[in-house]
Amino acid sequence: MNNNIHSCWWFDGNAKEAADFYCSIFPESKITIDTPMVVNFELWGQKFMALNGGPIFTKNPSISHFVVFDTIEEVDNAWTSLSEGGKVMMPLDTYPWSKKYGWIQDKFGVSWQLSAGELNDTGQHISTSLMFVRDKVGKAQSAINLYTTLFDNSSVTGIHHYGEGEGDRPDLIKHAQFTLDGKTFLAMDSSGPHEFDFNEGISIVVECKTQDEIDKYWDALTERGEESMCGWLKDEFGVSWQIIPADLGKWMSDPEKRDRVMQKVMSSKKFNIEELKNS
């Protein structure tokens, strides 16, 4: 699976504990990098990053992860584990779109939509889902257009709007599925009275092999967004991205150069691959 684009979750010192927890729930899972600041791991063969960034940001349901299971029993087992100490957002039940579905925010603040369904519908077990709320409501379509134009090997699989009696305006997106560089994402609008919005608690990491790639993504996403530090930015919709060299994890794991690399990372906005590589 292409893991060039993946999610990063912000933690306050307990990234390794959370990664161990998730690896115990999902199959084909393992920790691949374990440092005091960054823990990389795979769930069902898909890459994720956990970052010990302190108490500054907290995760919320504006970005959740939709998980497709083959059987109802698998959904039930994952729900039991993830619901311990968590918060139910939609009860585990039968819905028109799934024979078993539920939405839970776990004890670490990560939100999960668990569903029994067909893997062929998404092509992967875990898909990142973006919910556009508050002043971003109605902008899911514009975001999809921007992202699928920017990334190669991208397309829109399908877009469905709310129907009559489905709880929201018919001009808003109820469910959309699209791919970025071959990886499935989901999106929706919700005009309800939500108290959360996109923030740095969950970001999207893009690993780049060349400086041209870094420049391309950085310039496009900050054109109407805003730059931050350490390779971070926010796009015009408030979604946080990290545009990083693909080898950054390797350099940060090298005892001989990681301190120098970290100094360069902390002092940078947009990353320069050669400067980091030669630190």
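A. Inspection of the overall build of the protein chain at higher detail. Counting its secondary structure elements, the protein chain contains 7 helices and 16 strands. The C-alpha atoms of the protein chain give a radius of gyration of 18 Å, which matches the 19 Å a tight globule of 279 residues would have. With respect to the three principal axes, the spread of C-alpha positions in the protein chain is 60 × 40 × 35 Å. If you sum the accessible surface of the protein chain, you get close to 12800 Å²; carbon and sulfur atoms cover 46% of it. In the protein chain, which carries 26 positive and 42 negative side-chain charges, the distance between the mean positions of the two groups comes to 4 Å.

B. Representation of the pairing of strand E3 (residues 38–43) within the structure. Counting buried residues in E3 gives 5 out of 6 residues, a clear majority hidden from the surface. Where strand E2 (residues 30–34) folds back on E3, the antiparallel hairpin that results is connected by 3 residues. As defined by bridge partners, E3 adjoins strand E4 (residues 46–52) across 6 bridges and the pair is classed as antiparallel. Across the sheet, the residue bridging to Val39 is Ala50, located in E4. With antiparallel pairing between neighbouring strands as the criterion, E3 and E4 make up a hairpin whose turn holds 2 residues, including Trp44 at a positive phi of roughly 55°.

C. Layout of the packing of aromatic side chains. Counting across every chain of the model gives 28 aromatic pairs. Between Trp10 and Trp232, the ring centres sit 5.8 Å apart and the planes meet at 75°, which makes this aromatic pair edge-to-face. Of the two residues, Trp10 is situated in strand E1 (residues 5–11) and Trp232 in strand E15 (residues 232–234); the sequence distance between them amounts to 222 residues. Like Trp232, Trp10 is buried. Ring pairs connect the aromatic residues Trp9, Phe11, Phe21, Tyr22, Phe26, Phe41, Trp44, Phe48, Phe69, Phe108 and Trp112, which therefore count as one cluster. Here the basic side chain of Lys59 rests over the ring of Phe11, its NZ or CZ set 4.0 Å away from the ring centre. The ring centre of Phe21 lies 4.5 Å from the NZ or CZ of Lys107, which sits over that ring.

D. Broad picture of the nonpolar core. Of all hydrophobic cores here, the largest spans 75 residues; its most connected members are Tyr22 and Trp112. Considering every element that reaches this core, the biggest residue donor is helix H1 (residues 15–23), with 6 residues. The contacts of Trp112, once residues within four sequence positions are left out, are Trp9, Tyr22, Phe26, Leu43, His65, Val67, Leu82, Gly102, Trp103, Ile104 and Asp106. With 12 residues, the next largest nonpolar core counts Phe66, Val68, Trp103 and Leu172 among its residues.

E. Region of the structure containing helix H3 (residues 140–150). Burial in H3 covers these residues: Ala140, Ala143, Ile144, Tyr147, Thr148 and Leu150. Buried residues in H3, looked at end-on, bunch into an arc of 160°, giving them a common side. Contacts from the buried residues of H3 go to strand E9 (126–132), strand E10 (155–161), strand E11 (173–180), strand E12 (183–189), helix H4 (211–222) and strand E16 (240–245).

F. Quick peek at the sheet that holds E16. Strand order in this open sheet of 8 strands is E2-E3-E4-E1-E13-E16-E15-E14, and the pairing throughout is mixed. Bordering the open sheet on either side are E2 and strand E14 (226–227), each of which pairs with just one other strand. With 3 bridges connecting them, E15 and E16 associate as antiparallel partners. Its bridge partner being in E16, Lys234 is matched across the sheet by Ser240.

G. Seen up close, the packing of H3 against H4. For the pair H3 and H4, interaxial distance at closest approach is 11 Å and the crossing angle is 160°. As summarised for this structure, H3 and H4 are arranged roughly antiparallel, according to the angle between their axes. The interaxial crossing formed by H3 with H4 has right-handed handedness. Contacts from Leu146, Tyr147 and Leu150 in H3 reach Lys216, Tyr217, Ala220 and Leu221 in H4. Tallied by class, residues from the contact of H3 with H4 come to 6 nonpolar, no polar and 1 charged.

H. Fine view of the pattern of salt bridges. Here the structure, examined in full by the defined rule, presents 12 salt bridges. A salt bridge links Asp171 to Arg169; the shortest N-O distance between them is 3.0 Å. Looking at Asp171, the relative accessible area reads 48%, which means it is partly exposed. Given the relative accessible area of 38%, Arg169 is considered partly exposed.

Criteria and cut-off values
Residue numbering note: each chain is counted from 1, following its sequence as written. Residues qualify for local features only when their pLDDT is at least 70, as the model is predicted, and side-chain atom pairs are given and counted only at 80 or more; totals for whole chains, interfaces and linings, by contrast, use all residues. In computing side-chain properties, one takes all heavy atoms of the structure into account and sets aside hydrogens as well as water. For helices the rule is a DSSP run of H or I covering at least 4 residues; for strands it is a run of E covering at least 2, with both sets numbered from the N terminus onward. C-alpha atoms define the radius of gyration in this analysis, and the globule rule sets the expected value at 2.2 Å times the number of residues to the power 0.38. Using a 1.4 Å probe, accessible areas were evaluated by the Shrake-Rupley method; residue-level cover was limited to the displayed protein chains. A positive count includes Lys and Arg, and a negative count includes Asp and Glu. His and the chain ends are not counted in either. The atom standing in for a charge is NZ when the residue is Lys, CZ when it is Arg, CG when it is Asp and CD when it is Glu. When a residue's accessible area, from a 1.4 Å probe over protein chains only, is under 20% of the maximum for its type it is buried; when over 50% it is exposed; and in between it is partly exposed. Should DSSP find at least two bridges between two strands, the strands are regarded as paired. Here is the rule: rings of Phe, Tyr and Trp (six-membered ring for Trp) pair when centre to centre is within 6.5 Å. Planes less than 30 degrees apart are stacked, more than 60 are edge-to-face, and the remainder are tilted. By definition, being over a ring means that NZ of Lys or CZ of Arg is both within 6 Å of the ring centre and within 35 degrees of the ring normal. Take the buried residues of types Ala, Val, Leu, Ile, Met, Phe, Trp, Tyr and Cys, join any two whose side-chain atoms come within 4.5 Å, and each joined set is a nonpolar core. We call two residues in contact when some of their heavy atoms are within 4.5 Å. When we speak of the arc, we mean the arc of directions from the helix axis to the C-beta atoms. Helix axes are fitted only over the stretch in contact, all axes being lines through C-alpha atoms; the angle between N-to-C directions runs from 0 to 180 degrees. An angle below 35 degrees is treated as roughly parallel, one above 145 as roughly antiparallel, one from 65 to 115 as roughly perpendicular, and anything else as oblique. The sense of a crossing depends on the near helix, which, turned anticlockwise from the far helix by less than a right angle, makes the crossing left-handed and, turned clockwise, makes it right-handed. Under the convention adopted here, Pro, Cys and the residues Ala, Val, Leu, Ile, Met, Phe, Trp and Tyr are nonpolar, Asp, Glu, Lys and Arg are charged, and Gly plus all remaining residues are polar. Throughout this description, the term salt bridge denotes a Lys or Arg side-chain nitrogen within 4 Å of a carboxyl oxygen of Asp or Glu.

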